[in-house]
Amino acid sequence: MARLTALVLGSAAGGGVPQWNCRCRICTAARDGRVRPRTQTALAVTADGIHWLLLNAPPDLRGQILATPQLSPRPDAGPRSSPIAAVALTGAEIDQMAGLLHLREGHRFDLHGTGDVLAALAANPMFAVLPADRVARHTLPAAGRVAGPGRLTIESFPVPGKIPLYREDDTTETAAAVTGLIVEADGCRLAFVPEIAAVTPAVRETLATADVVLLDGTVFTDDELIAAGAGHKTGRRMGHVPIDGPGGSLQALDGLPGRRIFIHLNNTNPVLLEDSAERRTVERAGWKVAHDGMEIVP
Ligand code: MLT
Ligand code: MN
Ligand code: ZN
């Protein structure tokens, strides 16, 4: 019997590696072939090898599907088909949701998101290309579980988050439409939390129930973008807990059972350099750094 398998379709933050308009040392190294290029974060998960669930749908999704033979139309399924049976979203940020527009070619699938995320979708007329009679919307509870495709269950749990970039100017907005997900089959549990502003004790408790955790590794230090001259916001201000420092994910998840992998890596993050001191630090603490094409079998 096939078992829970996850493929990392993309492992970078919204900018990708390299980022189109960036010549920081890591983007430069990526252009020179000294750092692996990475596309925007998304996962494909299956339990039966037939039905696949996508976790997030970034703008890079079309290329990611084409680069993944497991997601090609099957020869026995008629002229138009796809093994992609469902998509679950962790938020309404551009790099979590905009790639749904690539899935507009008449394919039927189930779409899972929190009420906030489905409301953001409904508020944007472009997503009408995914009509509800073909792309059925299912509301994820703030905390709870629903059935996914092919023996998978999808569990959602609240995580401290942020306002999507395109809603930052709305001063009335305080809630953050971000959720953590745990996908489970046959007792194997994989947690996917690509955006989290702080690792609270409650989040740690939930993550401790997973066999493998994929966690927000956007920045190594909180002021990394500022130090690189690449922006004016801290990691926390962007809704991304830093890896290092007090309250960082290394500290907050020290000793967590199960495998731990950083994903949603910003191109300023020195862990992307395989010979860096920061890469050694995370590896010594028991973490791995995701890359596109990585296969995870919990
Ligand atoms: C974020 O999570 O902050 C995004 O990756 C930013 C972006 O999409 O540019
Ligand atoms: Mn992002
Ligand atoms: Zn860069």
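Residues numbered from 1 in each chain as written. Chains lettered and ligands numbered in written order. Predicted model: local features only at pLDDT ≥ 70, side-chain atom pairs only at ≥ 80, totals over all residues. Heavy atoms only, no water.

**With respect to the pairing of strand S12 (residues 259–263)**
Working note: regular strand, side chains alternate between the two faces of the sheet. Stated precisely, the cut-off is as follows: Accessible area is worked out with a 1.4 Å probe on protein chains only. A residue is then buried under 20% of its type maximum, exposed over 50%, and partly exposed in between. Each helix is a run of DSSP H or I of at least 4 residues and each strand a run of E of at least 2, with the numbering of both proceeding from the N terminus. Here, a strand pair is defined by DSSP locating no fewer than two bridges between the strands. Handedness of a crossover is defined as follows: with both strands directed away from the viewer, a clockwise route from the first strand across the helix to the second makes it right-handed.
The buried fraction of S12 is high, at four of five residues. One ladder, built from three bridges, connects S12 with strand S13 (residues 287–289); its direction is parallel. From the neighbouring strand, Ile261 faces S13, where its bridge partner is Lys288. Viewed along the sheet, the connection from S12 through helix H8 (residues 277–284) into S13 turns out right-handed.

**What to know about the side chain of Gln64**
Filter applied, for reference: Any pair of nitrogen or oxygen atoms within 3.5 Å is treated as a polar contact; in protein, a donor-acceptor pairing is required on top of that, and neighbouring residues in sequence qualify only through side-chain atoms on both sides. Note on definitions: a residue-residue contact is assigned when non-hydrogen atoms from the two residues lie within 4.5 Å.
If you trace the backbone, Gln64 turns up in helix H2 (residues 61–66). For Gln64, a relative accessible area of 3% puts it in the buried group. A polar contact of 2.7 Å, which involves the side chain of Gln64, links it to the backbone oxygen of Gln40. Setting aside chain neighbours within four positions, we find Gln64 in contact with Leu9, Gly10, Thr39, Gln40, Ala42 and Pro58.

**As for the coordination of the manganese ion (ligand 2)**
Definition in use: Only nitrogen, oxygen and sulfur atoms qualify as donors, and only when within 2.8 Å of the metal (3.2 Å in the case of Na, K and Ca); with water excluded, sites may look incomplete. Every geometry call rests on angle ranges, with four donors termed tetrahedral when all angles are between 85 and 135 degrees, four termed square planar and six termed octahedral when opposite donors are over 155 degrees apart and all others are between 65 and 115, and everything else termed irregular.
Within the first shell, the manganese ion (ligand 2) binds the protein through Asp95 (OD), Asp95 (OD), Glu195 (OE) and His264 (NE2), at distances of 2.2 to 2.7 Å. Note that the manganese ion (ligand 2) binds six donor atoms; their angles at the metal cover 52 to 154 degrees, and the shape is irregular. As a motif over one chain, the donors of the manganese ion (ligand 2) read D-x99-E-x68-H. Of this pair, Asp95 sits in helix H3 (residues 94–97) while His264 sits in the loop between S12 and H8, and the two are 169 residues apart along the sequence.

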